[in-house]
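Structural overview
The residues making up each chain are set out below.
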Protein chains: 2
Amino acid sequence: MPIAEGIKNALVSASMIRKMFEEGIQLKKQHGADKVFDFSLGNPDVDPPQAFHDVLVKLANEDEKGSHGYMPNGGYPFVREALAKKVCREQNVKVDGSFVVMAAGAAGGLNAVFKTICNPGDEVIVSRPYFMEYRAYTANHGAKLIEVDTKEDFSLNLDLIKNALNEKTAAVIINSPNNPTGKIYSKSELDDLASILNEQGKKTGRLPYIVSDEPYREIAYDCEVPPVLSCYKESIVVSSYSKSLSLPGERIGFIAVNPDISDKDDLINALAYSTRILGFVNAPAFMQRIVSQLTDESIDVSIYARRRDEFIKVLNAAGIEYNNPQGAFYLFCKVPQGKNGSTDDKEFIEHLKKYLILGVPGSGFGKPKWVRFAYCVDEKIIKASLNAFIEAVKTW
Amino acid sequence: MPIAEGIKNALVSASMIRKMFEEGIQLKKQHGADKVFDFSLGNPDVDPPQAFHDVLVKLANEDEKGSHGYMPNGGYPFVREALAKKVCREQNVKVDGSFVVMAAGAAGGLNAVFKTICNPGDEVIVSRPYFMEYRAYTANHGAKLIEVDTKEDFSLNLDLIKNALNEKTAAVIINSPNNPTGKIYSKSELDDLASILNEQGKKTGRLPYIVSDEPYREIAYDCEVPPVLSCYKESIVVSSYSKSLSLPGERIGFIAVNPDISDKDDLINALAYSTRILGFVNAPAFMQRIVSQLTDESIDVSIYARRRDEFIKVLNAAGIEYNNPQGAFYLFCKVPQGKNGSTDDKEFIEHLKKYLILGVPGSGFGKPKWVRFAYCVDEKIIKASLNAFIEAVKTW
């Protein structure tokens, strides 16, 4: 019994993704990297901004004494202060550094949050389709993920969320801009969600948290992302620099809590403690220093906007229906009905592979009959995929 | 109920440590930092070697395209290969990069290991005194930490370990050089432990792992640290650059498994998967690149050796009994009997504070009546503490 049962089972589905990943590598070896239309991974190809490089070199040269040592588990106080200013601006609230805990990316932050707020057996509600890792992030801490459907346009279905609430509900996760749909939840949706939760709190005495996973906040095209912290008292934002500065490998992000959140000091101490005992100990020191000097920086979002527009042209030409993303860098598309009547997403992804197009089945986000294409790849690849898409749909 | 019950309870003891930490800061403000003899924290003050700085600056200037993006969850293949060479040399085994998984420090590595190998209800055996975070690292994944005493000289008590084994035993943790005792387990101790575990495996069909936590391997004074991977098939080493390169804030370390370990591919995949779903995703990218070029580097251990010798002079002069450490940077000391007969470690630590000496009660390591002093502080502070120690013992 060398591997835990839970992990062994999870590895089976993980190995499917790995297989897909390895097949992609194989295809690129066989046909040349520029001949494969790889829209499978959310790994930003846009370089970090020049300002990042400048700060990296500057801090490397300074290499201040003690700057790679331990700091308080919640992060350097001066970094937390710098990040708080960004949170004030983005969330339209007044917070200082004591409301911010530095995290090892949003994934690290979410694990610290769920460790902190979930008793074993608690429930966390998520709207489907969703980033499937949430399932593991909650299960890690003994909580159960409860899935509810969104509306047809991928906005929140508040009736379903309301029905799913009970005294075991620790939190509702929202992810806006959304992976995989690119949906941004409106201010009025957030306000309505807040009312439902406030009502629930009156009924049961337990106010569920809103945990807002916002790594794509900066990547919004047609509108601003409404600020959750201004809408609901028991709200926690988790974010990272993985997308906004293209630093996903560096594992740097943060948690920010509402200025009026209950038991704030206990909660912040608990978040720092969870960060410590989960083995993060603290967010990486050098990257903390770097991002504290880059709170106003972001990659050039117009690059992604252009790619979205190019990809939409391709999909239109091929006759594939899609949800027009307001943010993030994914196109979530309906599987067209095949000649044999099939709308199976895994089959369609397999079929696309024959045309050297790689994507991810919607089943991987709890939404069969849909597929996700990531457009964090060179515009040339998107344009070049036109004929492959057209042929693939013709022969499907 | 804003914080999980388990965390709320843990925060009570964590807040004691925080209180101590804050009192230390307060004392330094009040009396001046150089007047307080702070031996409480294991935060290395020795600068990283010059080679670290050089590689940091070199890689910052190069800032290769894509070098802050995602890589496979187990780490960059070229980094794993580089680390494998170090593992071969230190552990006297033949492994390539496929036997290494990069981790966010040893704490991150240990969490990934316990997530991977422990079913809920499994047991992990540890020898007391021990680094108390192991309790959380196992509890995080539903496992139970079983404490057994060491012998009087802090070597492993193999009879007690043998008695504690049962079919639920997933692993035995060893930590050598040891925090807090500085003990290094001998080759024959490791061989004997291996025989006991092999016997156990024959009896129950389940071979427990040895999980060897080795962040202090490079900090050994009078002997080499015997290689666990050469002694026992089901062995896993977890280590970091926190002490050997003085980079604890950067969260960079690794996991290495025995070349003959059972189901190696599954195990390695599971370790990478656990790294991902616990929210580490991967060890920080930039630091991975840096340490891959520094596998032969270490801070100057003679600095710690000199401090140990100086500290021992102080303790001898004050009449405090101690365990002579073979490695790490801690002196584990017996609480002298006070005038009122007390040998209480917490009381003694409180008493020392009056003389501006800060240490950690042995109870924090499962060993009351002992205290730990960390000597990863300037030699001047150690020397200057002489009179304070003498006075403190006189008035105890």
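These lines cover the structure that appears in this document, whether it is placed above or below. None of these values were measured; they are calculated from a predicted model.

In this section: the relation of the copies chain A and chain B. The two copies are related by a screw operation: chain A maps onto chain B through 180° of rotation and 0.0 Å of translation along the axis, at an RMSD of 0.0 Å. On the angle and the small slide along the axis, the relation comes out as a two-fold axis. A shared interface surface links the copies, since 100% of the contact residues of chain A are contact residues in chain B too.

With 149 residues, the main nonpolar core has A:Phe114 and B:Phe114 as its most contacted residues. Beyond its immediate sequence surroundings of up to four residues, A:Phe114 is in contact with A:Val124, A:Tyr137, A:Thr138, A:His141, A:Ile173 and A:Val211.

Bringing the sheet that holds strand 6 (residues 209–213) of chain B into the picture now. Residues and elements named next belong to chain B. Within the open sheet, the seven strands sit side by side as 2-8-7-6-5-3-4. Their pairing is mixed. Each end of this open sheet is capped by a strand with a single partner; those strands are strand 2 (100–103) and strand 4 (144–149). For this sheet, the mean angle separating the axes of adjacent strands, direction not counted, is 25°. The pairing of strand 2 with strand 8 (residues 253–257) spans four bridges and is antiparallel. Paired with Ala-103 across the strands is Gly-253, a residue of strand 8. Where helix 4 (residues 105–117) meets the sheet, it contacts strand 2, strand 3 (123–128), strand 5 (169–175), strand 6, strand 7 (235–240) and strand 8, and its direction lies at approximately 155° from that of strand 7. Against the sheet, helix 8 (residues 264–277) touches strand 2, strand 6, strand 7 and strand 8, its axis set at about 160° to strand 8.

With that settled, consider the interface of chain A and chain B. The interface of chain A with chain B comprises 71 residues on the first partner and 71 residues on the second. Taken as a group, A:Pro2, A:His68 and A:Tyr70 account for 11% of the area that chain A buries against chain B, more than any other trio of residues on that side. Scanning the region where chain A abuts chain B turns up four salt bridges. Looking at the side of chain A that touches chain B, the element that brings in the most residues is helix 8 (residues 264–277) of chain A, giving eight residues. Of the residues contributing to the side of chain A that touches chain B, the split by class is 36 nonpolar, 20 polar and 15 charged.

Moving on, we get to the side chain of A:Asp213. All names here are of chain A. Note on placement: Asp-213 falls in strand 6 (residues 209–213). Here Asp-213 is buried and forms no salt bridge, its nearest opposite-charge partner Lys-243 lying at an N-O distance of 8.7 Å. Within the local environment of Asp-213, its side chain forms a polar contact with the side chain of Tyr-134, the two groups lying 2.5 Å apart. Setting aside chain neighbours within four positions, we find Asp-213 in contact with Ala-106, Leu-110, Tyr-134, Ile-174, Asn-175, Ser-176 and Val-238.

Moving on to the environment of A:Tyr355. Positionally, A:Tyr355 belongs in the loop between helix 11 (345–353) and strand 11 (357–358). Once you skip the residues sitting within four places of it in the chain, A:Tyr355 turns out to touch A:Phe37, A:Ala388, A:Glu391, A:Ala392 and A:Thr395.

All right, on to the packing of aromatic side chains then. Evaluated as defined, the whole model comprises 46 aromatic pairs over all chains. Taken together, a centroid distance of 6.0 Å and an interplanar angle of 10° make the contact between A:Phe286 and B:Phe286 stacked. With A:Phe286 in helix 9 (residues 285–292) and B:Phe286 in helix 9 (residues 285–292), the pair connects residues from two separate chains. For A:Phe286, a relative accessible area of 3% corresponds to the buried category. Centre to centre, the rings of B:Phe311 and B:Phe373 are 5.8 Å apart; their planes meet at 25°, and the pair counts as stacked. Within this pair, whereas B:Phe311 is found in helix 10 (residues 301–318), its partner B:Phe373 is found in strand 13 (residues 370–374), the two being separated by 62 residues in sequence. Just as B:Phe311 is buried, B:Phe373 falls in that class too. A network of ring pairs unites the aromatic residues A:Phe39, A:Phe311, A:Phe373, A:Tyr375 and A:Phe389 as a single cluster. Over the ring of B:Phe99 we find B:Lys264; its NZ or CZ atom is 4.0 Å from the centre of that ring.

Further remarks concern a nonpolar patch on the surface. Together, A:Phe21, A:Ile25 and A:Leu41 line one region of the surface with nonpolar side chains, adding up to about 250 Å² of accessible area. Within the secondary structure layout, A:Leu41 lies in the loop between strand 1 (37–38) and helix 2 (50–62).

Through backbone hydrogen bonds, the strands of a sheet pair up, either in parallel or in antiparallel fashion. Residues and elements named next belong to chain B. Taken together, the four strands give an open sheet; going across it, the order is 9-10-13-12, and neighbouring strands pair in antiparallel fashion. Sheet topology places strand 9 (322–323) and strand 12 (360–361) at the edges, where each strand pairs with a single neighbour. By the bridge criterion, five bridges tie strand 10 (residues 330–334) to strand 13 in an arrangement that is antiparallel. Residue pairing in the sheet places Tyr-330 in a bridge with Ala-374 of strand 13. Strand contacts of helix 10: strand 9, strand 10 and strand 13, with the helix running at about 15° to strand 10, the strand carrying the most contacts.

Residue and element names in this part refer to chain B. Following both chains from N to C, one finds helix 3 (residues 77–91) and helix 9 inclined at 40°, their axes separated by 9 Å at the closest point. By the angle between their axes, helix 3 is oblique relative to helix 9. The hand of the helix 3/helix 9 crossing is left-handed. Across from Phe-78, Val-79, Ala-82 and Leu-83 in helix 3, the residues of helix 9 making contact are Gln-288, Arg-289 and Ser-292. Of the residues assigned to the contact of helix 3 with helix 9, the class counts are four nonpolar, two polar and one charged.

Thresholds, definitions, all that
- Residues numbered from 1 in each chain as written.
- Chains lettered and ligands numbered in written order.
- Predicted model: local features only at pLDDT ≥ 70, side-chain atom pairs only at ≥ 80, totals over all residues.
- Heavy atoms only, no water.
- Least-squares fit on C-alpha atoms with pLDDT ≥ 70 in both.
- Contact = heavy atoms within 4.5 Å.
- Core = buried A, V, L, I, M, F, W, Y, C linked by side-chain atoms within 4.5 Å.
- Buried < 20%, exposed > 50% of the residue type's maximum accessible area, 1.4 Å probe, protein only.
- Pairing = 2+ DSSP bridges.
- Helix = DSSP H or I, 4+ residues; strand = E, 2+ residues; numbered from the N terminus.
- Axes fitted to C-alpha atoms, helices over the stretch in contact; angles between N-to-C directions.
- Buried area = accessible area lost by both parts, 1.4 Å probe.
- Salt bridge = Lys/Arg side-chain N within 4 Å of Asp/Glu carboxyl O.
- Nonpolar A, V, L, I, M, F, W, Y, C, P; charged D, E, K, R; others polar.
- Lys, Arg positive; Asp, Glu negative; His and termini not counted.
- Polar contact = N/O pair within 3.5 Å; in protein donor to acceptor, adjacent residues only side chain to side chain.
- Phe/Tyr/Trp six-rings, centres within 6.5 Å; stacked < 30°, edge-to-face > 60°.
- Lys NZ or Arg CZ within 6 Å of the ring centre and 35° of its normal.
- Patch = residues over 30% accessible without salt bridge, like charges linked within 9 Å, V, L, I, M, F, W, Y side chains within 5 Å.
- Areas by Shrake-Rupley, 256 points an atom, 1.4 Å probe, with all protein chains shown as cover.
- Parallel < 35°, antiparallel > 145°, perpendicular 65-115°, else oblique.
- Left-handed = near helix turned anticlockwise from the far one by under 90°.

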